[in-house]
Amino acid sequence: MARMQDIADKLGISKGTVSKALNGTANISEELQKKILETAVELGYTKKLRRQKDTEKKLCILIDNMEYKETHHFAYDIILGFRQLAEPAGYTVDVVQVTDKLQKDTPYDVFMIQNNYIGAFVMGFNFATPWMKDFHTSKIPAVLYDNYVFDNPTVAYVGVDNNEGMTLAVSHLKQQGHKSIGYLSAALGSHIMQARHKAFFHALRQAGLNADRTRARSTYMIAECVEKYLPKLLEMGVTAIICSHDQLANAAMLQCQQLGYHVPEDISIIGFDDLPFCAYTAPPLTTIRQNRIQIGKSGFHVLESLINQISIGTLLLHAQLIIRSSTGEAKTEK
């Protein structure tokens, strides 16, 4: 394990200066402190720092590209579930909305050390988020919601079983007589969108249904997806559409209605997530539920395990099919 003297030697400064920087002494410039911390991370000094700071028991929830402040926001219940277990266990939990600038200016481990955090629960990141590269080599425990890093024992993945969710959705539609099922998705620029896309085709093959790749369309913008690609699926004669998330499913229902289709008489639609509004759409939306409180609690359990050097790779919760009125028996297919 690296020593403070090793850091000092590498930078050509005194051991005392290194000690001041690592302990956050005010008379060290911000630039020099950052350089010392980056070198400490590079040389593997972070484990010693973590042991020094364990008594503070500070955790953070790092969040990007996700709303969380209101009860109807997707991440609200996940954060609530995390805090319901973390805070009674004596941890302080900060919610930190990160920016690209912060991530580009400060490596993940350095940010954690600077703020005395001993672990992070990470939400809303995609492949382009700068710190995703850091998680391949980071030393400070992190649990990624709906993201996966396979080569770092200090990083874990928590989420719902997407294969199970898609299998439930496809099986439900097949039972209602649907043989031609389409898929609309957000852009495949994140692990979770790729996982659901793959799970959709896996579920079709399992059910013995047509798994032609042209039955799936994806794009960044919801409006473009439903205005450009939904009509193409309808022209192909699909009688049901599964969507990668609930907002897209609701937009698809509205677009179908504008095009003169009735839901579910002409077309059945299923979402994914079971956001609070799903029970109040017209018609109420059939969807795959993620128990967000349980996801948050699981995130804490896994993070505490990593902090205690129990290396967990993946924890997936069971998915649940919530049947409402947006799905019904298939009409005779074209």
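Quick summary incoming for the structure in this document. Nothing here was measured: the structure is a model prediction, and the numbers come from that model. (Residues numbered from 1 in each chain as written. Predicted model: local features only at pLDDT ≥ 70, side-chain atom pairs only at ≥ 80, totals over all residues. Heavy atoms only, no water.)

### As for the overall build of the protein
Assigned secondary structure in the protein consists of 13 helices and 12 strands. Here the protein, with 334 residues, has 52% of them falling under the buried criterion. Of all intrachain contacts in the protein linking residues separated by at least 6 positions in sequence, the fraction that spans at least 24 positions is 69%. For the protein, the exposed area adds up to about 15,100 Å²; of that, 49% sits on carbon and sulfur atoms. With 35 positive and 34 negative side-chain charges, the protein shows a separation of 4 Å between the mean positions of the two kinds. (Helix = DSSP H or I, 4+ residues; strand = E, 2+ residues; numbered from the N terminus. Buried < 20%, exposed > 50% of the residue type's maximum accessible area, 1.4 Å probe, protein only. Contact = heavy atoms within 4.5 Å. Areas by Shrake-Rupley, 256 points an atom, 1.4 Å probe, with all protein chains shown as cover. Lys, Arg positive; Asp, Glu negative; His and termini not counted. Charge placed at Lys NZ, Arg CZ, Asp CG, Glu CD.)

### Looking at the sheet that holds strand S7 (residues 216-219)
With respect to topology, 6 strands assemble into an open sheet ordered S7-S6-S8-S9-S10-S12, the strand pairing being mixed. Where the open sheet ends on each side, the last strands, each with one partner, are S7 and strand S12 (320-322). In this sheet, neighbouring strand axes are inclined to one another by 20° on average, regardless of whether the strands run parallel or antiparallel. Two elements, strand S10 (residues 286-289) and S12, share 3 bridges in a ladder whose sense is antiparallel. Note on S12: the bridge partner recorded for Thr287 is Ile322. Here helix H11 (residues 222-235) sits on the sheet and contacts strand S6 (181-186), S7 and strand S8 (240-243); the angle it forms with S7, its principal contact strand, is near 165°. Of the strands in this sheet, S6, S8, strand S9 (268-273) and S10 are in contact with helix H12 (residues 246-258), which crosses S9 at around 160°. (Pairing = 2+ DSSP bridges. Axes fitted to C-alpha atoms, helices over the stretch in contact; angles between N-to-C directions.)

### Let's talk about the nonpolar core
Among the nonpolar cores identified, the biggest contains 49 residues, and Leu59, Phe82, Met123, Leu184 and Ile269 are the most heavily contacted of them. Excluding its chain neighbours within four sequence positions, the residues that come into contact with Phe82 are Leu59, Ile61, Val93, Phe121, Gly296, Lys297, Gly299, Phe300 and Leu303. Within the second largest apolar cluster, 33 residues are counted, among which are Val110, Ala120, Leu144 and Val149. (Core = buried A, V, L, I, M, F, W, Y, C linked by side-chain atoms within 4.5 Å.)

### Regarding the packing of helix H5 (residues 74-86) against helix H13 (residues 292-307)
At a minimum axis separation of 6 Å, H5 and H13 run at an interaxial angle of 45°. Relative to H13, the element H5 lies oblique. Helix-helix and strand crossings are classified by hand; for H5 and H13 the assignment is right-handed. Residues Phe74, Asp77, Ile78, Leu80, Gly81, Phe82, Gln84, Leu85 and Ala86 of H5 form the contact with H13, whose participating residues are Arg292, Ile293, Ile295, Gly296, Lys297, Gly299, Phe300, His301 and Leu303. Looking at the contact of H5 with H13, its residues break down into 10 nonpolar, 5 polar and 3 charged. (Parallel < 35°, antiparallel > 145°, perpendicular 65-115°, else oblique. Left-handed = near helix turned anticlockwise from the far one by under 90°. Nonpolar A, V, L, I, M, F, W, Y, C, P; charged D, E, K, R; others polar.)

### Some words on the environment of Arg213
Note on placement: Arg213 falls in the loop between helix H10 (191-206) and S7. Sequence separation between Arg213 and Gly182 is 31 residues; the distance between their C-alpha atoms is 9.5 Å. In contact with Arg213, other than residues within four places in its own chain, are His197, Phe201 and Arg205.

### Observations concerning the side chain of Arg215
Within the fold, Arg215 resides in the loop between H10 and S7. Buried and unpaired, Arg215 has no salt bridge, with Asp212 as the nearest side chain of opposite charge at 5.0 Å. If near-sequence neighbours (up to four positions away) are discounted, Arg215 is found in contact with Ser180, Ile181, Gly182, Tyr183, Asn210, Leu233, Met236 and Val238. (Salt bridge = Lys/Arg side-chain N within 4 Å of Asp/Glu carboxyl O.)

### Observations concerning the pattern of salt bridges
In the structure shown here, the tally under the stated rule is 7 salt bridges. The shortest N-O distance in the salt bridge between Arg289 and Asp274 comes to 2.6 Å. Taken together, the positions of Arg289 in strand S10 and Asp274 in the loop between S9 and S10 put the pair 15 residues apart, joining distant regions of the chain. A salt bridge links Arg324 to Asp274; the nearest nitrogen and oxygen atoms lie 3.1 Å apart. Residue Arg324 is located in the segment after S12, and its partner Asp274 is located in the loop between S9 and S10; the two are separated by 50 residues in the primary sequence. Residue class for Asp274 comes out buried when judged on its relative accessible area of 7%. Taken together, the salt bridges that share partners define one network made up of Asp274, Arg289 and Arg324.

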